[in-house]
Amino acid sequence: MTVRGEGTGPAPVLEVEGLTRDFDALRAVDDVSFAVMPSELLGLIGPNGAGKTTLFNMLAGALPPTAGRIRLQGRDITGLAPNRIATLGIARTYQNLRVFPDMTVFDNVSVGAIGRFGVSLWGTLVPGLERRRSDRIADATIAALERLGLIDHADAPAGNLSYGQKKLLEVARALTLAPTLLLLDEPAAGLNPNETEALSLLVRTLADEGLTILLVEHDMPMVMRVCDRIVVLDSGRKIADGAPRAVRSDPAVRAAYLGDPE
Amino acid sequence: MKGSAGGILFVVAALLVVGVALPLVFWVTGSPFIARLGQLVLLTVVLTIALNLLTGTAGLLALDSVVFLGFGAYTGAILSTRFGTSFPVELLVAVAGTAVIAFLLGLLLVRLHSVFFAVATVGLAVSFYTTVLNWGDLTRGAMGIPAIPPVRIAGYELDGWLATYMLAALMALVAVFVGHRMTHSFYGNAARAIREDEDAARSMGLTPRFIKAQIYAVHGALMAMAGVLYAHVNSFVGPDNFLLLESALILTAIVIGGLGSLPGAVLGAVLVVLAPEMLRQFGDLRAIIFGVILFLAILFLPRGLLSEVRSLAWVRRLDPASPWARRKRRS
Amino acid sequence: MIDHFILGQLAIGVSVGMTYAVIAIGLTLIFRVLSAVNFAHGDVYTIGAFATLIGATTLALPLWAIVPLVLAVGGLSGWTVERLAFRPVRRFTDEASLRSRAVREATLLSSLALGIVVREALDQVYKGEWLVIPASHQLTQPVNLGGVIVSTGEIAIAGSSILLLIGLQYLLHRTRIGIAIRAVSSNLLGAQFSGIDINRVIVAVFIVASILGAAAGMVVSLTYGSVQSFMGLTMIVKGFVVMVVGGLTSIPGAVVAGLLVGVAEAAAGIFVPSAWTEMVGYGLLLMTLLFMPRGLFGRRQA
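Predicted model only: the values in this text are computed from it and were never measured.

### Here's the deal with the overall build of chain B
Inference 1: Secondary structure summary: chain B contains 14 helices and 2 strands in total.
Inference 2: Expected size for 331 residues packed as a compact globule is a radius of gyration near 20 Å; at 20 Å, chain B falls within 12% of this value.
Inference 3: Once the C-alpha set of chain B is aligned to its principal axes, its extents read approximately 65 × 45 × 40 Å.
Inference 4: Per-residue burial over chain B gives 55% buried out of 331 residues.
Inference 5: Of the contacts formed within chain B by residues at least 6 apart in sequence, a portion of 80% connects residues at least 24 apart.

Next comes the structure, spelled out in structure tokens:
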């Protein structure tokens, strides 16, 4: 891994600057800044209530920040609607599965590709008008299904998949958006050790293939094993930012996780 | 509607039955009553397909269908009685006008979720009724508009049962086509995704409000199209043709047929038109029977006779070459 | 100088508005527990009015005996609506499935269907006519309040509505079942953990809400002297409007919104033909939805 200093090397994919979010009197995220470099796999960890989910939702556009800036490839995306952010290149998965249960696996995954290529009412009504676009959507969907080994389940209702397969389905759906940044919200939650292992491998492979990934995760060993760099949150503040080894031995991180008062 | 031989065969068979076999039966039996019934079924098919797009596929529980049916019917009635317009002109005004109005109205209404959308549409239906009842200069209020002339196309009056039956069949064909294109396509996937989980759909880059307003507009336009013909074949329109109850009837049809299922919408239309005829001895109890049927269907048959999942799978089998249905087979 | 005609109109607006508020509170109580709307509520109001009519004609009861009859009929209809249209759809009582969208929409349709059956059955029996309450029971005597002429019925509506609201507050804050209702409304999970029987609370809510609805039907039918099978339809639409304008879950909100809609309709009636005043409520609904999506007194909703 190259050393990523300020002002050197490639421009970051995502820059977060002084991001803050208040819920009434509670400051859930407090002045957090970090950057994600191209094809980096960045882990975001922290104890329960550290503000991970709030931060994640702000990045995905589901929650407007109280203060601070978010830039994607230099472009300010702070406070944009989730659909704008998705089409600009940030795709996400959900911590608590959000598949479309009554739709087939193919149809579920196609939704990301539909978001990427768009659909029009006229094109839908007039035969032939939308053939190219439809073919692209179908191709992207099939590619993502094959990539995640779900192609054999293409016609099954998504509700019939196992928990682990539904997680893969969400990743496939996000991949069809061809994102510049993939946000994964606790993908290992609820998975058994075997599934977690397979998922770690998948995430690592995706990053090695050049995808930039921000992984929010509770499973410490997994994060330590797969991530290039780790940002640690505690009580809404960033308390550490560095290589897994450095973060592991950081006294502030140990204190946060052991619940020691500072 | 292209693809495998199965799909083409099915379409041709359906066209032959509706376009040739049924008219022959009407001709042989010589009963205008049966022909009128067939025509009513076909017009109802337009209504159920329209509502099914909105309530089934897009998941917006709407009780204002009669408003757009009424737009069409009153447009047809007023234009033809006052200005002697021809049918295509009436259709154009009614369909285009309703589509625009419904789209704008939709942009406002679809901000409401679930039961609140339903409540707002009830308010709209009541407002429409009030307007029609009280805007006497335009609608003749409670007296309604009588003596609406038969359909006139290119100077010819189409008075016979066969002509109006064929017009109704043509409209049903248009509705099936629109319903098919919008349901069995990536557009349909987008609508279903929005229905199942709007937030997740939005985070995949879809624009729920826009798509829902579009579907609301298409629903309105199809209803208006049927309304124009309805005014002519009924030769009378009045406020009582457009009660909230009629919206509930169309809703009953698609719940029985299967929400989100295009074949289900067609089946539902056939059932709600023909069932009361078979139960003629109950006469005035029609509305009560429908209430009971809707009630029982919700409790015991929430997915309908032809469920969405099964209908979509069936269409995929008939037309595996469409991009929407395309996927690699197991080797 | 405001003339007496206008004041009289406004007095009518207040009494009508109180009726809207009572209907809307019935819807609100149910909404707070189930996040669902009861489309049969308007027909409970109709049933209250018909019970009044039958009490006054067939049973020839005096007015004081009709009141408990109507309240009992109202409670019974509430129980029936819950048993027929809501409980069968509800398979589990955990929060996610109790307030899930599928259940909310299914109960909307099942209560709508039930309402249609009731309405059409009454329509069949009574041929859709306006039926007159005997003059002996009507509350139509004019009363002169400092130059403003109102009827005894309008005073009765305002008075009974206030009594019902006080009774409701007492019930919700001073009785065991009322406290359980409030607990379930604000925190379903917590209420379940503290051993509250959710189904029992839901039935109680329907009974209370329907007593309110039937009582409104009684007072209105006595005041205006007539009853018809479709009278509940306009009323429930107004109830929805008031409920939404008032913020869905707020009882004070429903009262304020009810008065607002009632007075606005009466005020509009001064300037436009009365038939058009029906549109005022819907206009207010649209304005609220567009500019104040949470209503006047709305809590933040997920």
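And the narrative resumes.
### Regarding the overall build of chain C
Inference 1: Along chain C, the regular secondary structure elements total 12 helices and 4 strands.
Inference 2: Expected size for 302 residues packed as a compact globule is a radius of gyration near 19 Å; at 19 Å, chain C falls within 12% of this value.
Inference 3: C-alpha atoms of chain C, sized along the principal axes, occupy 60 × 45 × 35 Å.
Inference 4: Relative to its 302 residues, chain C shows a buried fraction of 51%.
Inference 5: Across chain C, every contact between residues at least 6 apart in sequence was considered, and the portion connecting residues at least 24 apart equals 78%.

### Details of the sheet that holds strand S5 (residues 75-76) of chain A
All names here are of chain A.
Inference 1: Taken together, the 4 strands give an open sheet; going across it, the order is S2-S1-S4-S5, and neighbouring strands pair in antiparallel fashion. Each edge of the open sheet carries a strand with a single partner, namely strand S2 (26-36) and S5.
Inference 2: Where strand S1 (residues 14-23) and S2 come together, 7 bridges link them in antiparallel fashion. If you follow Val 16 over to S2, its bridge partner there is Phe 34.

### A few points about the interface of chain B and chain C
Inference 1: Taken residue by residue, the interface counts 31 residues in chain B and 33 residues in chain C.
Inference 2: Counting residues per element, the ones that place at least two in the side of chain B that touches chain C are helix H5 (114-134), helix H11 (244-257) and helix H13 (286-300) of chain B.
Inference 3: The leading source of residues in the side of chain B that touches chain C is H5(B), at 13 residues.
Inference 4: Of the residues that constitute the side of chain B that touches chain C, the class distribution is 24 nonpolar, 6 polar and 1 charged.

### Quick word on the confidence of the model for chain C
Residue and element names in this part refer to chain C.
Inference 1: Residue-level pLDDT values for chain C average 87, and 97% of them are 70 or greater.
Inference 2: Taken element by element, chain C is modelled with least confidence in helix H4 (residues 95-98), mean pLDDT 71, and with most confidence in helix H2 (residues 41-56), mean pLDDT 95.
Inference 3: Scored by ipTM, the complex comes to 0.89, with pTM at 0.90.

### Some remarks on the UniProt feature "transmembrane region" (unreviewed entry) in chain C
All names here are of chain C.
Inference 1: What UniProt calls "transmembrane region" (unreviewed entry) maps, in this numbering, to residues 6-31, 38-57, 148-172, 201-224 and 279-297.
Inference 2: In this annotation, residues 6-31 is assigned 100% helix and 0% strand; the end-to-end C-alpha distance for the span is 36 Å.
Inference 3: Helix and strand shares over residues 38-57 are 80% and 0% respectively, and the end C-alpha atoms of the span are 30 Å apart.

### Things to note about the interface of chain A and chain B
Inference 1: Listed as interface residues are 36 residues of chain A and, on the opposing side, 29 residues of chain B.
Inference 2: With 8 residues, helix H3 (residues 105-117) of chain A is the single largest residue contributor to the side of chain A that touches chain B.
Inference 3: Of the residues assigned to the side of chain A that touches chain B, the class counts are 20 nonpolar, 7 polar and 9 charged.

### A few points about the sheet that holds strand S8 (residues 212-216) of chain A
All names here are of chain A.
Inference 1: Overall, mixed pairing links the 6 strands, which are arranged S6-S7-S8-S3-S9-S10 in an open sheet. Taken across any chain shown, the strands that pair with only one partner, and hence form the sheet edges, are strand S6 (90-92) and strand S10 (237-242). Averaged over all adjacent pairs, the angle separating strand axes in this sheet is 20°, with direction ignored.
Inference 2: Here 4 bridges tie strand S3 (residues 41-45) to strand S9 (residues 229-234), and the two strands are oriented parallel to one another. Each bridged residue has a counterpart across the sheet, and for Leu 42 the counterpart in S9 is Arg 229.
Inference 3: Against the sheet, helix H7 (residues 193-208) engages S3, strand S7 (181-185) and S8, with an angle of about 150° to S8.

### Digging into the arrangement of the chains
Inference 1: Sorting the 2 pairs of chains in contact by contact count puts chains A and B at the top.
Inference 2: A gap remains between chain A and chain C, with no contact made and the closest C-alpha atoms lying 12 Å from each other.

### Things to note about the pairing of S9(A)
Residues and elements named next belong to chain A.
Inference 1: Among the 6 residues in S9, 6 count as buried, and that is most of the element.
Inference 2: The side-chain alternation of S9 yields two buried faces, one formed by Arg 229, Val 231 and Leu 233 and the other by Ile 230, Val 232 and Asp 234.
Inference 3: Where S9 lies against S10, 5 bridges are found, and the strand directions are antiparallel. Directly across from Val 232, in S10, lies its bridge partner Ala 240.
Inference 4: In this structure, the hairpin formed by S9 and S10 is closed by a connection of 2 residues, where Ser 235 is found at a positive phi of approximately 45°.

### Section: the environment of A:Phe100
Inference 1: Considering the arrangement of structural elements, one finds A:Phe100 in the loop between S6 and H3.
Inference 2: Overall, A:Phe100 belongs to the buried group, with 25 C-beta atoms counted inside 10 Å.
Inference 3: Residues A:Phe100 and A:Glu170, spaced 70 residues apart in sequence, show a C-alpha to C-alpha distance of 9.9 Å.
Inference 4: Sequence-distant contacts of A:Phe100, defined by excluding residues within four places in its chain, comprise A:Asn108, A:Ala158, B:Arg192, B:Ala193, B:Glu196 and B:Asp197.

### Focus: the environment of C:Ala215
Inference 1: Position of C:Ala215 among the secondary structure elements: in helix H9 (residues 198-224).
Inference 2: Counting along the chain gives 167 residues from C:Ala215 to C:Gly48, while the straight-line C-alpha distance between them is 6.3 Å.

Cut-offs used in this document
- Residues numbered from 1 in each chain as written.
- Chains lettered and ligands numbered in written order.
- Predicted model: local features only at pLDDT ≥ 70, side-chain atom pairs only at ≥ 80, totals over all residues.
- Helix = DSSP H or I, 4+ residues; strand = E, 2+ residues; numbered from the N terminus.
- Rg over C-alpha atoms; globule rule 2.2 N^0.38 Å.
- Buried ≥ 20, exposed ≤ 12 C-beta atoms within 10 Å, placed from the backbone.
- Contact = placed C-beta atoms within 7 Å.
- Pairing = 2+ DSSP bridges.
- Nonpolar A, V, L, I, M, F, W, Y, C, P; charged D, E, K, R; others polar.
- pLDDT = per-residue confidence, 0-100.
- UniProt positions renumbered as here; feature names shortened; annotations may be inferred.
- Axes fitted to C-alpha atoms, helices over the stretch in contact; angles between N-to-C directions.

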